[in-house]
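Structure at a glance
Residue-level listing of the chains:
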Amino acid sequence: MTDALFASDLDRTLIYSAGALALDCPDAEAPRLLGVETYRGAPLSYVTEAAAGHLASLAASGGFVPVTTRTREQFARVRLPGPAPRYAVCANGGHLLVDGESDPVWHAAVRGRLGDCAPLAEVRSRMLRDAGPDWLLKERTAEDLFAYLVVDRARLPAGWLDAFAGWAGPRGWGVSMQGRKVYAVPSVLTKEAAVAEVVRRSGATLLHAAGDSLLDAGMLAAADTGWRPGHGELADTGWRLPHIEALPERGVRAGERIAAAAHEALRGGGGARMSAGAASPLPAGGEAAPGSTPW
Ligand SMILES: [Mg+2]
């Protein structure tokens, strides 16, 4: 039992692929890295050695909640230091893992809400219809909940994302670009709703959060304090909230800074609780704070 939780996105917030490390120092001064994900026998994601130490302490505290858009299978590949967390959120809130198992009651509630949005098949086919063969590399659906494309970002036409988002929005879907992936996610499928459920179940009274993308914005807005790296969708769009620290660090060093700050916050009791209600609305698809969610 812990009074404070640290709910954090994983990819490009705590863990980094080789292409996202953003190490701009001389090679001889680069930090040692720990591989935390293997894919088809090869290393895929890393944290710095220092970050690994902080993450191990966070996990040991019992207050760390990984919150990811990854599917459960993709999440299972991530092997963070320290004991496995009691709670984890996968599929952007579609699955709430409790001791590694998806909570069926939670998942059924999520499925029940999806009726308010256009069907996945419709959104997927529109996404594929609009995609160009010269820049579309792969397309996938995840957990039968949402869809994403892997694209050649340099060839993605300017305005394509906004145009697709403009089509998807009125149908109850949000669009987010992260690295080489374009996600289309039902607007009722949110990280913040699942995190609110973890807060409720754990009895925590203080929530720290970290994230880099629009899919993290609601979770950050609902937190008492938090951190945002100097790279990513939120940084690129100038997204800010008074209670979320916009860090200057980019890449894997931002991950280290976030892990260190969260470790300090949980160790030190986390400081004074702030009112998430004072936060300004989200710039895109801004939902109310998750305290008001009917889930
Ligand atoms: Mg991320």
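Every chain's residues receive numbers from 1 upward, in the order its sequence appears when written. Given that this is a predicted model, residues contribute local features only at a pLDDT of at least 70 and side-chain atom pairs are listed and counted only at 80 or more, while totals for whole chains, interfaces and linings are drawn from all residues.

Further remarks concern the domain arrangement of the chain. Its domain assignment divides the chain into domain 1 (4-112 + 189-292) and domain 2 (118-186). All the domain ranges listed were derived from an automatic or database domain assignment. The C-alpha centroid of domain 2 is placed 23 Å from the C-alpha centroid of domain 1. Three categories are distinguished: nonpolar for Ala, Val, Leu, Ile, Met, Phe, Trp, Tyr, Cys and Pro, charged for Asp, Glu, Lys and Arg, and polar for the others, with Gly belonging to the last. Partitioning the side of domain 1 that touches domain 2 into residue classes produces five nonpolar, seven polar and two charged.

With that out of the way, let us pick up the sheet that holds strand S3 (residues 33-39). Only strands that DSSP links by at least two bridges are regarded as paired with each other. Helix and strand definitions follow DSSP, with helices as H or I runs of at least four residues and strands as E runs of at least two, each counted in order from the N terminus. Spatial strand order, S2-S4-S3: three strands in an open sheet with antiparallel pairing. Each of the sheet's edge strands pairs with one partner strand only, and the pair in question is strand S2 (16-17) and S3. In this sheet, strand S4 (residues 42-48) lies alongside S3 in antiparallel orientation, the contact comprising six bridges. Across the sheet, residue Leu 33 finds its bridge partner in S4, namely Thr 48. Of the strands in this sheet, S3 and S4 are in contact with helix H1 (residues 49-61), which crosses S4 at around 75°. Contacts here follow a simple rule: the backbone-placed C-beta atoms of the two residues must lie within 7 Å. Each axis is a line fitted through C-alpha atoms, and for a helix only the stretch in contact is used; angles between axes span 0 to 180 degrees, taken between their N-to-C directions. Helix H9 (residues 252-267) contacts S2 and S4 of the sheet and is inclined by roughly 50° relative to S4.

Attention now goes to the sheet that holds strand S8 (residues 101-102). One open sheet accounts for three strands, arranged S6-S7-S8; its pairing is antiparallel. The sheet is open, and its two borders are formed by strand S6 (87-90) and S8, each paired with just one other strand. Bridging between strand S7 (residues 95-98) and S8 involves two bridges; their strand directions are antiparallel. Bridge assignment links Leu 97 to a residue of S8, and that residue is Ser 102. Against the sheet, helix H6 (residues 191-202) engages S6 and S7, with an angle of about 165° to S6.

Here the focus is the nonpolar core. Working definition: the nonpolar core is a set of buried Ala, Val, Leu, Ile, Met, Phe, Trp, Tyr and Cys residues, joined through C-beta atoms within 7 Å. Whether a residue is buried, exposed or partly exposed is read from the other C-beta atoms within 10 Å of its own C-beta, which are placed from the backbone; 20 or more gives buried, 12 or fewer gives exposed, and intermediate counts give partly exposed. By size, the foremost hydrophobic cluster in this structure holds 83 residues, and its most contacted members are Val 47, Val 65, Ala 184 and Val 195. Domain assignment of the residues forming this core places at least three in each of domain 1 (4-112 + 189-292) and domain 2 (118-186).

Here H1 crosses H9 at 35°, and the two axes come no closer than 8 Å. Between H1 and H9 lies a crossing of left-handed hand. Contact residues: Ala 50, Ala 51, His 54, Leu 55, Ser 57, Leu 58 and Ser 61 in H1; Gly 255, Glu 256, Ala 259, Ala 260, Ala 262, His 263 and Leu 266 in H9. In the contact of H1 with H9, the residues fall into eight nonpolar, five polar and one charged. Here a crossing is taken to be left-handed if its near helix is turned anticlockwise relative to the far helix by less than a right angle, and right-handed if that turn runs clockwise.

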